[in-house]
Structures are given as structure tokens and as C-alpha cells.
Amino acid sequence: VDPSTLLCATPAALRIDFGSASPGSLHDVSIPFDFLCTRTAVMHGLACWFDVDFDGSDARITLSTGPHCAGTHWYQSRFVMKEPLAVNAGQTVTGVLRMVAHEKYSYNCVIEAGIKGTSKPAVSRTAKVNLQDQHYAYMAAAPAPAPEPDFSISPYASPYVDDGMAPTNHTY
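Residues numbered from 1 in each chain as written. Predicted model: local features only at pLDDT ≥ 70, side-chain atom pairs only at ≥ 80, totals over all residues. Heavy atoms only, no water.

1. Considerations on the overall build of the protein chain
Part 1 of the argument: Helix and strand content of the protein chain: 0 helices and 8 strands.
Part 2 of the argument: Its helices and strands taken in sequence order, the protein chain reads β-β-β-β-β-β-β-β from the N to the C terminus.
Part 3 of the argument: A total of 172 residues make up the protein chain; the buried ones form 31% of that total.
Part 4 of the argument: In the protein chain, once contacts between residues fewer than 6 apart in sequence are set aside, the share between residues at least 24 apart is 64%. (Helix = DSSP H or I, 4+ residues; strand = E, 2+ residues; numbered from the N terminus. Buried < 20%, exposed > 50% of the residue type's maximum accessible area, 1.4 Å probe, protein only. Contact = heavy atoms within 4.5 Å.)

Rendered as C-alpha cells:
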């Protein structure tokens with residue numbers, strides 16, 4: 001995720017202590033959010049990532065997969081809403097990201113987002129995403145130029161366009 005596409009300065013966070021959390025407590029996880037938008041834009045969804053603190057005897061080492069950090073082989077996830085939400089600078093987007101584990105060792109995710117102080121459903125959105133179906137694209141280096149299309153084979157289709165958030169099959 002290109003950091004310049006983020007609409008808020010402070011991300012939502014959920015802290016899990018894997019030393020004391022039970023496996024059952026990770027089967028249904030809800031992450032409430034309350035984002036103050038720093039600019040006027042069209043919100044296409046949520047960008048999600050994780051940070052892990054490794055506490056050693058002498059130091060704490062943090063692995064961050066966030067968009068402001070060096071790239072790793074773990075990527076940010078983009079949860080795209082079918083219908084985007086227009087937001088203005090200074091408005092607050094509130095909601096919840098709920099993740100429910102399923103039998104394929106992944107999560108079904110539901111995003112509920114709306115603009116604080118407005119009535120539903122005109123300025124609220126719900127999106128359902130299967131975490132295992134995410135499209136991952138390493139964004140730390142410039143991509144190689146695309147080859148000329150070979151129309152004799154089935155083309156690869158990406159659910160995202162170059163702006164990093166909008167689905168390519170979306171009708172406005």
C-alpha cells in the first residue's frame with residue numbers, strides 16, 4: 001500500500017499477547033476503528049497490516065509490515081468495499097472490522113464503516129472479504145514494464161487498479 005493513499009494519520013490497533021491469549025479467543029476478533037480523515041477523497045476500503053514485538057532479555061525487536069516500513073515477504077491487505085465512501089477532510093469514519101475463523105485456516109472478514117454524525121445507509125458501507133482470497137503485490141520496488149499482451153492465452157486479472165484501492169470491475 002502506498003502510504004500517500006492512506007486517509008488518516010493514526011491507524012486502529014488491536015494488541016494480542018500470544019503468550020496469554022487462548023486459541024479460542026482468536027476465532028472471532030473485532031477491531032473497532034475511529035479514523036479522522038486528513039484529506040477529502042474517496043475511501044475504497046481498509047488497508048491492514050501487522051506489527052510483532054519480539055521481547056528478548058536485553059531488547060525488544062519489532063517487525064512491522066506497515067506501509068511506512070521497509071518491505072518484507074508479508075504484505076499489507078486491502079479490504080475493498082464494493083461501493084466506495086466519499087469522505088471530507090475533518091470527517092470521522094467509524095466502524096468495525098470483524099474477522100471470524102473458518103475451516104480453511106483463514107478468516108472471513110466483514111467491514112462496517114460509516115461517517116460519524118450522518119444517517120445510515122446513505123453514508124455507510126458493508127463489505128465481506130475472505131482473507132485467503134487477497135491479492136498481494138510487493139510495492140517496495142518499481143515493477144518491471146508489462147510485456148506486450150499475448151491474446152492467445154487467458155489474461156491475468158487483478159482486482160485492483162494502480163491507485164491501490166479501487167476494484168477494476170467497479171461501476172461508478
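2. Thoughts on the pattern of salt bridges
Part 1 of the argument: Following the criterion strictly, the structure yields 4 salt bridges and no others.
Part 2 of the argument: In this structure, the salt-bridge partner of Arg98 is Asp28, at a minimum N-O distance of 2.4 Å. One end of the pair, Arg98, is in strand E6 (residues 92-102); the other, Asp28, is in strand E1 (residues 28-36), with 70 residues separating them in the sequence.
Part 3 of the argument: Note that Arg60 is salt-bridged to Asp55, the shortest N-O span being 2.6 Å.
Part 4 of the argument: We classify Arg60 as partly exposed; its relative accessible area is 47%.
Part 5 of the argument: Judged by relative accessible area, Asp55 falls into the exposed class, the value being 56%.
Part 6 of the argument: Through salt bridges with shared partners, a single network forms among Arg15, Asp53, Asp55 and Arg60. (Salt bridge = Lys/Arg side-chain N within 4 Å of Asp/Glu carboxyl O.)

3. Points about the environment of Ala89
Part 1 of the argument: Structurally, Ala89 is set in the loop between strand E5 (77-87) and E6.
Part 2 of the argument: Once the C-alpha coordinates of Ala89 and Leu7 are considered, the two residues, 82 residues apart in sequence, prove to be 8.7 Å apart.
Part 3 of the argument: Beyond its immediate stretch of four places on either side in the chain, Ala89 contacts Cys37, Thr38, Arg39 and Thr40.

4. Focus on the environment of Ser30
Part 1 of the argument: Position of Ser30 relative to the elements: it lies in strand E1.
Part 2 of the argument: Along the primary structure Ser30 and Leu14 are separated by 16 residues, whereas in three dimensions their C-alpha atoms are 8.7 Å apart.

5. Considering the pairing of E5
Part 1 of the argument: Across the 11 residues of E5, 8 count as buried, placing the element largely inside the fold.
Part 2 of the argument: As paired elements, strand E2 (residues 41-48) and E5 share 7 bridges and run antiparallel to each other. What sits directly across from Met43, in E5, is Leu85. (Pairing = 2+ DSSP bridges.)

6. Focus: the confidence of the model for the protein chain
Fine structural detail should not be taken from predicted coordinates in areas where pLDDT scores are low.
Part 1 of the argument: When the pLDDT values of the protein chain are averaged, the result is 76; 73% of them are 70 or greater.
Part 2 of the argument: The spread of mean pLDDT over the elements of the protein chain runs between strand E8 (residues 124-130), the lowest at 73, and E1, the highest at 93.
Part 3 of the argument: Low confidence marks residues 137-143, where pLDDT is under 50. Its contacts with residues over four positions away, or in another chain, come to 7 contacts.
Part 4 of the argument: For the stretch residues 149-172, pLDDT sits under 50, and the model shows 34 contacts to residues farther than four places along the chain or on other chains. (pLDDT = per-residue confidence, 0-100.)

7. Side note on the packing of aromatic side chains
Part 1 of the argument: Enumeration over the complete set of coordinates arrives at 1 aromatic pair.
Part 2 of the argument: Seen from their ring centres, Phe33 and Phe35 are 4.9 Å apart, and the 15 degrees between their planes marks the pair as stacked. Each of the two residues, Phe33 as well as Phe35, counts as buried. (Phe/Tyr/Trp six-rings, centres within 6.5 Å; stacked < 30°, edge-to-face > 60°.)

8. A word on the nonpolar core
Part 1 of the argument: One finds Met43, Leu46, Phe79, Val87, Leu97 and Ile111 to be the most contacted residues of the largest nonpolar core, which totals 24 residues.
Part 2 of the argument: Contributing elements (two or more residues each) for this core: E1, E2, E5, E6, strand E7 (106-115) and E8.
Part 3 of the argument: Ignoring any residue separated from it by four or fewer positions in sequence, one finds Val87 in contact with Leu7, Cys37, Arg39, Thr40, Ala41, Met43, Val93 and Ile115. (Core = buried A, V, L, I, M, F, W, Y, C linked by side-chain atoms within 4.5 Å.)

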